[in-house]
Amino acid sequence: MASVRLTPNGVPAGLAGDQNLRPILQVVNLRCVNVDGPGAARSDRWRGLVSDGTDTCPAMFAGQLSNLTRSGAIRRGTVVQLDEYVVNFVGGRKVFVVLNLTVLIPECDIIGNPVITETEFSNQTPPRVEPFNGTRQYGSMAGNPSPVRPNGNVPVFQPSMSENSLNTPTRLSNKAPAFQQTAQPSYRPAPSYKNHGAIAKNEAPARIIPISSLNPYQGRWAIKGRVTAKGDIRRYHNAKGEGKVFNFDLLDSDGGEIRVACFNAQLDRFYEVVEVGKVYVVSRGNLKPAQKNFNHLNNEWEIMLENGSTVELCPDEDRSIPSQRYDFRPISEIEDTPTTTMIDIIGVVTSVSPCTTLLKKNGTETQKRNISLKDMSGRSVDVTMWGDFCNREGSQLQEMVERGVFPVLAVKTGRVTDFNGKSVGTISSSQLLIDPDLSEAHTLRQWFDGGGRDASTQSISRDVAPAASRNENRKTVAQIKDDGLGMQDKPDWITVKASIIFFKSDNFCYTACPTKEGDRQCNKKVTKGTSGLWCCDKCDKEFEQCDYRYLLQLQIQDHSGTAWVTAFQEAAQELLGCSAGDLNRYKEEQDPRFAETMLSCLFQDYLLRLKVKEETYGDERRVKNTLVKVDRFDPAGESKYLLDSISRSMMGH
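Residues numbered from 1 in each chain as written. Predicted model: local features only at pLDDT ≥ 70, side-chain atom pairs only at ≥ 80, totals over all residues. Heavy atoms only, no water.

**Points about the overall build of the protein**
Part 1: Helix and strand counts for the protein stand at 11 helices and 32 strands.
Part 2: The proportion of buried residues among the 653 residues of the protein is 46%.
Part 3: A separation of at least 24 residues holds for 63% of the contacts in the protein among residues at least 6 apart in sequence.
Part 4: Accessible surface, the protein as shown: approximately 34000 Å² in total, 47% of it carbon and sulfur. (Helix = DSSP H or I, 4+ residues; strand = E, 2+ residues; numbered from the N terminus. Buried < 20%, exposed > 50% of the residue type's maximum accessible area, 1.4 Å probe, protein only. Contact = heavy atoms within 4.5 Å. Areas by Shrake-Rupley, 256 points an atom, 1.4 Å probe, with all protein chains shown as cover.)

This is the structure we're talking about:
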């Protein structure tokens, strides 16, 4: 059975005159009544009860729908959407007169607990439906109903009100009273009546409803919420071409949250309008199922804004809406938390690593920085910052820690990863709050200053388990050649335990173009022209300053042999501990720190993660080894790896 939701509060809202509502309701009772037609003809008319899962209301189905009811397409349990209807007074109560509908689910168990009772209307003769041929005049929309005369093709419903007709069908006379129409989505008032209120579909103001009540089957709606997060602009490429998108999250006074996505033209309209912390009314969006791989909010839907959507700032801040919601988890719980889970954590920053540059799979570059957090659970965790977080909050944290100040950091919406143990990484919608004014932050500060600084803490990120348990393919240097690694279509990824025995210090870096387009930097090699400016042939621009990027050639050795390895920007900076620009300056100034930096890495044992792939240079094909990650050698971890290797070998025999 297909899954569908009935419109919450659909019956009362429709009866109250919500002309923009196309409610999803269920037919919970249905019966046919024969009615005298012109001459001696008799025709069938259908009436019943419709439900929103809680409330019910009598419904009268227009003659043009008889084929659906007669054929069984509409029956007890059918879920329908009322596309066009009016609300009439019949026997002293309101009734849905259904002109057009869509069958969503032909057969379904009764949904919810609707109250089904016998009513005054339940035994009355159904209305007669006739075409209009004359002119329709509208009286006041309030007070006593005005007479309604025929007009066009809109039907008039004239049920007999005789109490004697409860059991016997009675022919309806032309003098039967007309009933007041209270809702008609397709009706547009004449200009002279526009001052009576918004009646036309495109003019009626949208109702502000709780975020938790949103569903795809509603008509026009509006929600009011505070922006708690705003993502960066992301560019994408698919079969339809290139595009761009950004998201923002809304939180309302009831605690409901939802993500709003703006693509292309809507991004241009709303990106500068939306600011974190401010309150907006959002209306006219398309609800789509939430992509849980990227959307952490507790809502099964997300909104995609369209051409008719509006995002209006509320100048008077609504203090009933909180600024943010947090669900902080102790660091010790992260060990048992599945990867890709979105969590909130808070801890004291104890260390901050230098910022490095990383080449992503799509050819763009991003920045990366690691910090370490500890809390009162006796555990610490590495938090990996990506992109702008590195230079924004990351630089501030590094400066504070270098001064001996250890701030409290709250991470809102971090993603759990299992790289090198368990760690937490930022995503575009993450938020990092330094020394926030929160009770949890004050408690941590008191604990840390009162002795927590010196408390024993175990890291859940620096995993010293054997490399094989992290799916690393351990090889010796000689096996790179002996096993023919890198000769297939795809590269081989291996780990070797080796030491560095030589650096080529003459050309360890190159001059790079600093031009950026969005988050992508050119990085092509630039040369200095006669004008003294740096020139990029690709960008066709000149610069006073250039960037320096690593292109480091080094030789590694283990007990089996030696091999040449190339280290690019991130891996080389991780190995040497300083930027290419700084190292180049040391060399030009003949600063002793240049030699010290190089020598400090020689004849030290490392676990080196290598990408091995055959490449073509001119007419020659040869295997290239690229360094992608460096881990300091840990004797305890290596011993455990060797012991586990021996155990697995013995079990194999």
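**Focus on the confidence of the model for the protein**
Part 1: Mean pLDDT over the protein: 78, with 79% of residues reaching 70 or higher.
Part 2: Overall, residues 463–471 carries pLDDT values under 50, and its contacts beyond four positions in sequence, including any with other chains, amount to 17 contacts. (pLDDT = per-residue confidence, 0-100.)

**Looking at the sheet that holds strand β29 (residues 552–558)**
Part 1: Taken together, five strands build a closed barrel; the order of strands is β21-β29-β30-β32-β31 and the barrel is mixed. The average angle at which neighbouring strand axes cross in this sheet is 60 degrees, direction not considered.
Part 2: Here strand β21 (residues 492–503) pairs with strand β31 (residues 605–617) via eight bridges, running antiparallel. Looking across to β31, one finds that Ile494 is bridged to Leu610.
Part 3: Running over the sheet, helix α8 (residues 569–576) touches β21, β29, β30 (561–567), β31 and β32 (620–632) and is turned about 45 degrees from β32. (Pairing = 2+ DSSP bridges. Axes fitted to C-alpha atoms, helices over the stretch in contact; angles between N-to-C directions.)

**Notes on the pattern of salt bridges**
Two side chains that carry opposite charge are able to pair once their charged atoms sit near each other.
Part 1: This model, assessed by the stated rule, comprises 20 salt bridges.
Part 2: The closest approach of N and O atoms between Asp83 and Arg22, which form a salt bridge, is 2.6 Å. Of this pair, Asp83 sits in strand β4 (residues 79–90) while Arg22 sits in the loop between α1 (10–15) and β1 (24–36), placing them 61 residues apart in sequence.
Part 3: On the accessibility criterion, Asp83 (18% relative accessible area) is buried. (Salt bridge = Lys/Arg side-chain N within 4 Å of Asp/Glu carboxyl O.)

**With respect to the sheet that holds strand β27 (residues 541–543)**
Part 1: Taken in spatial order, the three strands line up as β25-β26-β27 in an open sheet, and their pairing is antiparallel. In this open sheet, the two strands that pair with only one neighbour each are β25 (527–528) and β27.
Part 2: Pairing between strand β26 (residues 534–536) and β27: three bridges, direction antiparallel. Along β27, the bridge assignment pairs Cys535 with Glu542.

**Observations regarding the nonpolar core**
Part 1: One finds Phe503, Leu554, Ile556, Leu583, Leu608 and Leu610 to be the most contacted residues of the largest nonpolar core, which totals 35 residues.
Part 2: Examining the composition of this core, we find that five residues originate from one element, β21, more than from any other.
Part 3: Not counting residues within four places of it along the chain, the set of residues in contact with Leu608 comprises Ile494, Thr495, Val496, Ala498, Ile556, Leu627, Lys629 and Val630.
Part 4: Of all hydrophobic cores here, the second largest spans 24 residues; its members include Ile343, Phe389, Leu397 and Val401. (Core = buried A, V, L, I, M, F, W, Y, C linked by side-chain atoms within 4.5 Å.)

**Digging into the state of the cysteines**
Part 1: With the rule as written, the count across this model stands at zero disulfides.
Part 2: Left unpaired, Cys578 is separated from the closest cysteine sulfur, that of Cys601, by 8.9 Å. (Disulfide = S-S within 2.5 Å.)

**Points about unusual backbone geometry**
Part 1: Look at Gln590: it is not a glycine, yet its phi comes out positive at around 55 degrees.
Part 2: Within the secondary structure, Gln590 is located in the loop between α9 (580–588) and α10 (592–599).
Part 3: Take Gln590: its relative accessible area is 72%, and that puts it in the exposed class.
Part 4: Its identity as a non-glycine residue notwithstanding, Phe603 has a phi of 60 degrees, on the positive side.
Part 5: Here Phe603 is to be found in the loop between α10 and β31.

**Observations regarding the pairing of strand β5 (residues 93–105)**
In summary, the side chains of a regular strand alternate between the two faces of the sheet.
Part 1: Note that strand β3 (residues 56–61) and β5 share three bridges and pair parallel. Looking across to β5, one finds that Phe61 is bridged to Val98.
Part 2: Alignment of β4 against β5, held across 11 bridges, turns out to be antiparallel. Across the sheet, the residue bridging to Val79 is Ile105, located in β5.

**Details of the packing of α9 against α10**
Part 1: Put simply, α9 and α10 touch, their axes get as near as 7 Å, and they point 125 degrees apart. One way to sum up the angle between α9 and α10 is to call them oblique. Touching Leu583, Tyr586 and Lys587 of α9 are Arg593, Phe594, Thr597 and Met598, all from α10.
Part 2: A breakdown of the residues in the contact of α9 with α10 according to their chemical character gives four nonpolar, one polar and two charged. (Parallel < 35°, antiparallel > 145°, perpendicular 65-115°, else oblique. Nonpolar A, V, L, I, M, F, W, Y, C, P; charged D, E, K, R; others polar.)

**Description of the packing of aromatic side chains**
Part 1: This model, assessed by the stated rule, comprises 10 aromatic pairs.
Part 2: Centroid distance Tyr326 to Phe328: 5.1 Å. Interplanar angle 15 degrees. Geometry classified as stacked.
Part 3: Accessibility expressed as a relative area gives 28% for Tyr326, which makes it partly exposed.
Part 4: Through a chain of ring-to-ring contacts, the aromatic side chains of Phe246, Phe248 and Tyr271 assemble into a single cluster.
Part 5: Of note, Lys230 hangs over the ring of Tyr271, and the distance from its end group to the ring centre comes to 3.9 Å.
Part 6: For the cation-ring pair, Lys497 lies above Phe633, with the distance from its terminal atom to the ring centre recorded as 5.1 Å. (Phe/Tyr/Trp six-rings, centres within 6.5 Å; stacked < 30°, edge-to-face > 60°. Lys NZ or Arg CZ within 6 Å of the ring centre and 35° of its normal.)

**What about the side chain of Arg369?**
Part 1: Its location among the elements puts Arg369 in strand β16 (residues 365–374).
Part 2: Here Arg369 sits buried without a salt bridge, and the closest side chain of opposite charge, Glu402, lies 7.2 Å off (N-O distance).
Part 3: A distance of 3.2 Å separates a polar atom in the side chain of Arg369 from the backbone oxygen of Cys390. (Lys, Arg positive; Asp, Glu negative; His and termini not counted. Polar contact = N/O pair within 3.5 Å; in protein donor to acceptor, adjacent residues only side chain to side chain.)

**Overview of helix α6 (residues 439–449)**
For the α-helix, the turn length of 3.6 residues means that residues three or four positions removed from each other point alike.
Part 1: Restricting attention to buried positions, one finds in α6 the residues Ala441, Leu444 and Phe448. Taken around the axis of α6, the buried residues stretch over an arc of 60 degrees, which confines them to a single face. Facing away from the buried surface of α6 by more than 90 degrees, the exposed residues are Ser439 and Gln446. (Arc of directions from axis to C-beta.)

**Thoughts on the environment of Leu554**
Part 1: With respect to the helices, strands and loops of the structure, Leu554 is situated in strand β29.
Part 2: Once the C-alpha coordinates of Leu554 and Val565 are considered, the two residues, 11 residues apart in sequence, prove to be 5.4 Å apart.
Part 3: Residue contacts for Leu554: discarding those within four places in its chain leaves Ile500, Phe502, Phe503, Ala563, Trp564, Val565, Ala567 and Leu575.

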